[in-house]
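Survey of secondary and tertiary structure
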Amino acid sequence: MKSPTVPAYELTHLQSLEAEAVHIFREVAATLERPVLLFSGGKDSVVMLHLAMKAFWPAPVPFPVMHVDTGHNFEEVIDFRDRMVAIHGLRLLIASVQDEIDAGRVVEETGPRASRNRLQTAALLRALNQGGFNAAFGGARRDEEKARAKERIFSFRDEFGQWDPKNQRPELWKQYNGRHRRGEHIRVFPLSNWTELDIWQYIADEQIELPSLYYAHHRDVVARDGMLLAHTEHLALLPNETPYSELVRFRTVGDATCTGCVESAATTVEDVIAEIAATRLTERGATRADDRISESGMEDRKKEGYF
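The structure contained in this document is the topic of the report that follows. (Residues numbered from 1 in each chain as written. Predicted model: local features only at pLDDT ≥ 70, side-chain atom pairs only at ≥ 80, totals over all residues. Heavy atoms only, no water.)

Looking at the overall build of the protein chain
Counting secondary structure elements, the protein chain contains nine helices and ten strands. Across the 307 residues of the protein chain, 52% fall into the buried class. Within the protein chain, contacts between residues separated by at least 24 positions form 72% of all contacts whose residues are at least 6 apart in sequence. Carbon and sulfur atoms provide 52% of the accessible area of the protein chain, an area that totals close to 15100 Å². (Helix = DSSP H or I, 4+ residues; strand = E, 2+ residues; numbered from the N terminus. Buried < 20%, exposed > 50% of the residue type's maximum accessible area, 1.4 Å probe, protein only. Contact = heavy atoms within 4.5 Å. Areas by Shrake-Rupley, 256 points an atom, 1.4 Å probe, with all protein chains shown as cover.)

See below:
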């Protein structure tokens with residue numbers, strides 16, 4: 001008797017990435033006592049939250065979410081963040097940069113090019129220490145920036161929250177090492193192997209909602225250093241700058257003083273996917289002023305404890 005043919009079972013590219021991320025979330029929950037998910041309301045953290053909910057469904061997400069709040073945010077993102085927290089019954093923790101400034105633990109930059117972006121590190125490390133968190137999920141991807149391309153999925157941080165790119169643990173056959181001593185912690189990046197295009201295709205497949213500023217809209221902007229910065233109350237104008245209205249969208253979300261937008265007519269997920277597929281610039285390379293401070297700007301901040 002001829003044996004029946006067993007159909008081949010293969011995962012698509014996105015299904016494989018999803019399965020890897022779900023495995024990472026479950027691995028952390030099983031091996032580390034107090035994880036927290038860093039959630040800004042940006043597209044990567046929204047996808048990360050969606051994956052976390054899938055990983056533990058039908059149970060709720062078994063850890064809180066944390067927003068490192070510069071105080072210089074886009075209103076659309078904060079409104080979206082609060083709505084997602086309410087809808088999904090999440091426990092939101094806020095690490096405030098303003099609190100760090102008021103307490104004299106950090107000094108705010110001044111001048112028209114001032115940004116609170118670098119000050120996030122102190123707020124993050126204090127919040128992780130006070131909460132006793134020994135793992136923090138971040139939405140960083142390796143295609144974003146060369147320093148992030150050096151990261152492991154389980155990224156060890158010492159008792160000062162610092163990262164040493166020359167002292168990282170091997171992850172052969174997807175075996176992750178979360179061992180650490182008291183005071184140390186692990187940054188975990190479930191989206192490490194995703195690209196910006198993967199993120200948007202997954203958003204399309206899963207019909208994930210995002211803040212409205214990811215799609216084309218009219219906004220007052222200022223042209224500065226080859227970028228378009230949103231004209232907000234937090235952005236000090238240079239003498240020769242005049243705001244004007246432009247049809248734009250944001251590829252990434254961060255501090256409003258250093259996150260640029262791009263000219264775009266993409267109003268749907270499909271439009272954005274077509275736009276991203278044609279571009280040759282990463283989102284951070286095209287729209288983040290804080291990455292332009294030096295050739296090693298991101299790596300220097302990561303060594304201090306940044307995302």
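From this point, things continue past the structure.
Quick word on the pattern of salt bridges
Under the definition given, this model contains 17 salt bridges. Here Arg141 and Asp143 are joined by a salt bridge, their closest N and O atoms 2.9 Å apart. A relative accessible area of 28% means that Asp143 is categorised as partly exposed. Connected through salt bridges with shared partners, the residues Lys43, Asp44, Arg141 and Asp143 form a single ionic network. (Salt bridge = Lys/Arg side-chain N within 4 Å of Asp/Glu carboxyl O.)

Thoughts on the packing of aromatic side chains
A ring pair, where both rings are aromatic, is described by two values, the distance of the centres and the angle of the planes. On inspection of all chains with the given rule, the structure shows nine aromatic pairs. Put simply, the rings of Phe25, Phe56, Phe63 and Phe137 touch in pairs and so form one group of aromatic residues. (Phe/Tyr/Trp six-rings, centres within 6.5 Å; stacked < 30°, edge-to-face > 60°.)

Comments concerning the sheet that holds strand E8 (residues 227–230)
In spatial order, the strands read E7-E8-E10-E9; together these four strands close into a barrel with antiparallel pairing. Averaged over neighbouring strand pairs, the angle between their axes works out to 70° when direction is ignored. Where strand E7 (residues 217–224) meets E8, four bridges bridge the pair, whose relative direction is antiparallel. Residue pairing for E8: Val221 is matched across the bridge by Ala230. (Pairing = 2+ DSSP bridges. Axes fitted to C-alpha atoms, helices over the stretch in contact; angles between N-to-C directions.)

Remarks on the packing of helix H2 (residues 43–56) against helix H6 (residues 196–206)
For the pair H2 and H6, interaxial distance at closest approach is 11 Å and the crossing angle is 55°. Taken together, H2 and H6 sit at an angle that is classed as oblique. The handedness of the crossing between H2 and H6 is left-handed. Facing Lys43, Asp44, Val47, His50, Leu51 and Lys54 of H2, the residues of H6 in contact are Glu196, Ile199, Trp200, Tyr202, Ile203 and Glu206. A class-by-class count of the residues in the contact of H2 with H6 yields six nonpolar, one polar and five charged. (Parallel < 35°, antiparallel > 145°, perpendicular 65-115°, else oblique. Left-handed = near helix turned anticlockwise from the far one by under 90°. Nonpolar A, V, L, I, M, F, W, Y, C, P; charged D, E, K, R; others polar.)

Examining unusual backbone geometry
Note that the residue after Trp57, namely Pro58, is joined by a cis bond; omega there is 10°. Relative to the helices and strands, Pro58 is located in the loop between H2 and strand E2 (65–69). The phi dihedral of Lys174 is positive, around 60°, even though this residue is not glycine. With respect to the element layout, Lys174 can be found in the loop between strand E5 (154–157) and strand E6 (185–188). Although it is not a glycine, Asp225 adopts a positive phi angle of roughly 55°.

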